[in-house]
Amino acid sequence: MATLVTGGAGYIGSHTVVELQQINQDVVILDNLSNSSKAVLKRIESITNKAVTFVEGDILDTELLHSLFKQYQFDSVIHFAGLKAVGESNEIPLHYYKNNVYGTLNLCEVMAQHSVKNLVFSSSATVYGDPETVPIKESFPTSATNPYGRSKLMVEEMLADLYRSDPSWNIALLRYFNPIGAHESGTIGEAPNGIPNNLMPYITQVAVGKLKQLSVFGNDYNTIDGTGVRDYIHVVDLAHGHLKALEKLNSQPGLVTYNLGTGQGYSVLQMINSFEKATGQAIPYQISARRAGDIAECYADPQFANQELNWTATKSLVEMMEDSWRWQQNNPNGYQ
């Protein structure tokens, strides 16, 4: 039996594939390479000493999905494939809904036709919208402040309806907070196209000289220093969370939802200072206007995942900084 990993060549997907292969799980990666690179495949193989099964294609391609499910004995799917930039989602919302919502609908229809009903879904803390209080528990009300978050919330609601209609499904909704870091080897990491949308690759690209300075979007939030506060989690800790979620599906839990975060929030200025201390690299920055759809503060209460999955984030902020910097130094132009 094997696990289909959609979007498995991407940042979080590639690190999860590494961890799956390390425990001898058979994996098939499906990725359209819109925000990833084929070069990551050889690097996964070099880390794990195992061949990677890769199919280039899209979750919107129904015929391709059917052929994959016929060819391989899948018992589960980890679904990463999706567009993920908050700012871009405000500019091209229909593209986000088509890819993220309809793409998942298409995938689930094919899964159902092949009687594969174990699904780990890559959701996001953006489904909490602008929370009234922090830390955020899974029981908090959901909403969204941008089309990206709304697309994730739509998929969550669709999957909940699917489970209610057919309780033989086992679905884990994993609400990530802010993944950063890279594999300790420095061979795989986050390699965004163009100007980074996320803080950490922006910082490291400034540090390596690729970008002139960091833009800090807003310094007038009601936070410790006026800049946005987020829960940053090492991508390898996040990958381990997916393995634990797969284990959970084997116990047939039905529909379950978990926050994957550290429970600690850091502001943008604190992150800059921590990076400078950990690496010795100065990060020039300028204060810019707030971005549409951003919120002041967002960090997890991870206790439910700790209890239910026997999972906890273990890597320190210093390790996150050091691993991010090692990746960027070794790969100043990403996978190019």
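## Things to note about the pairing of strand β2 (residues 26-31)
Item 1. The element β2 is extensively covered by neighbouring structure, given that 5 of its 6 residues are classed as buried.
Item 2. Handedness of the crossover joining strand β1 (residues 2-6) and β2 through helix α1 (residues 11-22): right-handed.
Item 3. Handedness of the β2-helix α2 (residues 39-48)-strand β3 (residues 53-56) crossover: right-handed.

## Re the pattern of salt bridges
Item 1. The final tally for this structure, using the stated rule, is 10 salt bridges.
Item 2. The salt bridge partner of D166 is K117, with a shortest N-O separation of 2.7 Å. Note that D166 is positioned in the loop between α6 (147-165) and β6 (170-176) and K117 in the loop between α5 (93-113) and β5 (118-124), a separation of 49 residues in sequence.
Item 3. Among the salt bridges present, the one from D161 reaches R164, with a minimum N-O distance of 2.7 Å. Taken together, the residues span about one helical turn, with D161 and R164 both in helix α6 at a distance of 3 residues.
Item 4. For D161, a relative accessible area of 46% translates into the label partly exposed.
Item 5. Using a relative accessible area of 57% as the deciding quantity, one classes R164 as exposed.

## A short note on the packing of aromatic side chains
Note on aromatic pairs: each is described by the distance of the centres and the angle between the planes.
Item 1. Taken as a whole and assessed by the stated rule, the structure comprises 5 aromatic pairs.
Item 2. Geometrically, the ring pair formed by F275 and W325 is edge-to-face, given 5.8 Å between the ring centres and 85 degrees between the ring planes. Linking F275 in helix α9 (residues 268-279) with W325 in helix α11 (residues 317-330), this pair joins segments that are 50 residues apart in sequence. For the pair F275 and W325, one class covers both residues: buried.
Item 3. Aromatic pair W327 and Y335: ring centres 5.0 Å apart, planes at 50 degrees, arrangement tilted.

## Quick look at the sheet that holds strand β9 (residues 229-230)
Item 1. Taken together, 3 strands build an open sheet; the order of strands is β12-β9-β14 and the sheet is mixed. Whereas interior strands pair on both sides, the edge strands pair on one side only; in this sheet they are β12 (266-267) and β14 (297-298).
Item 2. Of the pairings in the sheet, the one linking β9 to β14 comprises 2 bridges and is parallel in character. By the bridge assignment for β14, V229 is matched with E297.

## Some thoughts on the side chain of H15
Item 1. For H15, the location among the structural elements is in helix α1.
Item 2. Polar contacts involving the side chain of H15 include one to the main-chain carbonyl oxygen of Y11, which spans 2.8 Å.

Definitions and cut-offs
Residues numbered from 1 in each chain as written. Predicted model: local features only at pLDDT ≥ 70, side-chain atom pairs only at ≥ 80, totals over all residues. Heavy atoms only, no water. Buried < 20%, exposed > 50% of the residue type's maximum accessible area, 1.4 Å probe, protein only. Helix = DSSP H or I, 4+ residues; strand = E, 2+ residues; numbered from the N terminus. Right-handed = clockwise from strand over helix to strand, strands pointing away. Salt bridge = Lys/Arg side-chain N within 4 Å of Asp/Glu carboxyl O. Phe/Tyr/Trp six-rings, centres within 6.5 Å; stacked < 30°, edge-to-face > 60°. Pairing = 2+ DSSP bridges. Polar contact = N/O pair within 3.5 Å; in protein donor to acceptor, adjacent residues only side chain to side chain.

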